[in-house]
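For reference, the chains in residue letters:
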Amino acid sequence: MTCREGCRKFYVFSRNWRKVKPMKERTLSIIKPDGVAKGLIGEVLNRFEHAGFQVVAMKMVHMSKKQAEGFYAVHRERPFFESVTDFMSSGPSVVMVLEAENVISRNRELMGATNYKEAAEGTIRREFAMDIEKNVVHGSDSPETAAFEIGYFFNALELVRL
């Protein structure tokens, strides 16, 4: 390779390297029945938007017990399975897909610890949760979980490309 060919390749690379867009990821978020009942939909959405998350799909659902059991199937053997599926089928929830850089970890930080007593000040759960299950919001904990959870509630036509 001559210097001219090598230099050209380097020049093209160095000119374009900043144009590579950071990878955005998606996560499922749920405003649980207690959050809907308390009228917190707008408050939670406002926090998501102020954090820079884009809502690419959203709808209100009222899961049946069977649907809640399907969603929480990974926890079937856990002692809280019955109570969480009863709670999640007790009233309407708002399910949504959020998109941003590192949205899974950032959303989990914004929500706070599952146990609201251990959640940091200013987090959604610290401010609005009543107990460990009635903690207002749910968020995926990994990219693999997010893929399953998003697919559970949304088909490809319902996911907006921004």
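Look up a bit, the structure's there.
Residues numbered from 1 in each chain as written. Predicted model: local features only at pLDDT ≥ 70, side-chain atom pairs only at ≥ 80, totals over all residues. Heavy atoms only, no water.

(A) Region of the structure containing the packing of aromatic side chains. Inspection of the entire model under this criterion finds six aromatic pairs. Aromatic pair Phe148 and Tyr152: ring centres 5.8 Å apart, planes at 45°, arrangement tilted. With Phe148 and Tyr152 both in helix 8 (residues 143-153), this residue pair falls four residues apart, about one helical turn. Residue classification places Phe148 among the partly exposed positions, given a relative accessible area of 45%. With relative accessibility at 30%, the residue Tyr152 sits in the partly exposed group. By the ring-pair criterion, three or more aromatic residues cluster together here, those being Phe71, Tyr72, Phe148, Tyr152 and Phe153. The ring of Phe154 has Lys59 lying over it, and the distance from NZ or CZ to the ring centre is 4.8 Å. (Phe/Tyr/Trp six-rings, centres within 6.5 Å; stacked < 30°, edge-to-face > 60°. Helix = DSSP H or I, 4+ residues; strand = E, 2+ residues; numbered from the N terminus. Buried < 20%, exposed > 50% of the residue type's maximum accessible area, 1.4 Å probe, protein only. Lys NZ or Arg CZ within 6 Å of the ring centre and 35° of its normal.)

(B) Quick look at the pattern of salt bridges. Enumeration over the complete set of coordinates arrives at eight salt bridges. Lys65 is the partner of Glu82 in a salt bridge, and the nearest nitrogen-oxygen pair spans 3.1 Å. With Glu82 in helix 5 (residues 81-88) and Lys65 in helix 4 (residues 65-71), this pair connects stretches of sequence that are 17 residues apart. Taking the relative accessible area as the measure of exposure, Glu82 reaches 46% and is therefore partly exposed. Residue classification places Lys65 among the partly exposed residues on the basis of a relative accessible area of 24%. Glu121 is paired through a salt bridge with Arg126; the nearest N and O atoms lie 2.9 Å apart. Overlapping salt bridges bring together Glu43, Arg47 and Glu127 as one network. (Salt bridge = Lys/Arg side-chain N within 4 Å of Asp/Glu carboxyl O.)

(C) Representation of helix 6 (residues 103-111) in the model. Among all positions in helix 6, only Val103, Ile104, Asn107 and Met111 are buried. For helix 6, the angular spread of the buried residues around the axis is 100°, confining them to a single face. (Arc of directions from axis to C-beta.)

(D) Quick look at unusual backbone geometry. One non-glycine residue with positive phi stands out, namely Asn102, at about 50°. For Asn102, the position within the fold is in the loop between strand 3 (93-100) and helix 6. The backbone phi angle of Val136 is positive, close to 75°, even though this residue is not glycine. Relative to the helices and strands, Val136 resides in the loop between helix 7 (124-128) and strand 4 (137-139). Since its relative accessible area comes to 0%, Val136 is described here as buried.

(E) Focus on the sheet that holds strand 2 (residues 54-61). Here four strands make up an open sheet; going across it, the order is 2-3-1-4 and the pairing antiparallel. The two strands at the open ends of the sheet, each matched to only one other strand, are strand 2 and strand 4. When the angles between neighbouring strand axes are averaged without regard to direction, this sheet yields 20°. Relative to strand 3, strand 2 is paired through seven bridges, and the arrangement is antiparallel. In the strand pairing of strand 3, Val55 is matched with Leu98. Across the face of the sheet, helix 8 comes into contact with strand 1 (25-31), strand 2, strand 3 and strand 4 while running at roughly 60° to strand 1. (Pairing = 2+ DSSP bridges. Axes fitted to C-alpha atoms, helices over the stretch in contact; angles between N-to-C directions. Contact = heavy atoms within 4.5 Å.)

(F) Summary view of the nonpolar core. Formed by 38 residues in total, the largest nonpolar core has its most connected members in Leu28, Val44, Met88, Val97, Phe153 and Phe154. In terms of residues, this core owes the most to one element, strand 3, which gives six residues. With near-sequence residues (within four places) excluded, Val97 lies in contact with Arg26, Thr27, Leu28, Gln54, Val55, Val56, Ala57, Ile150, Phe154 and Leu159. (Core = buried A, V, L, I, M, F, W, Y, C linked by side-chain atoms within 4.5 Å.)

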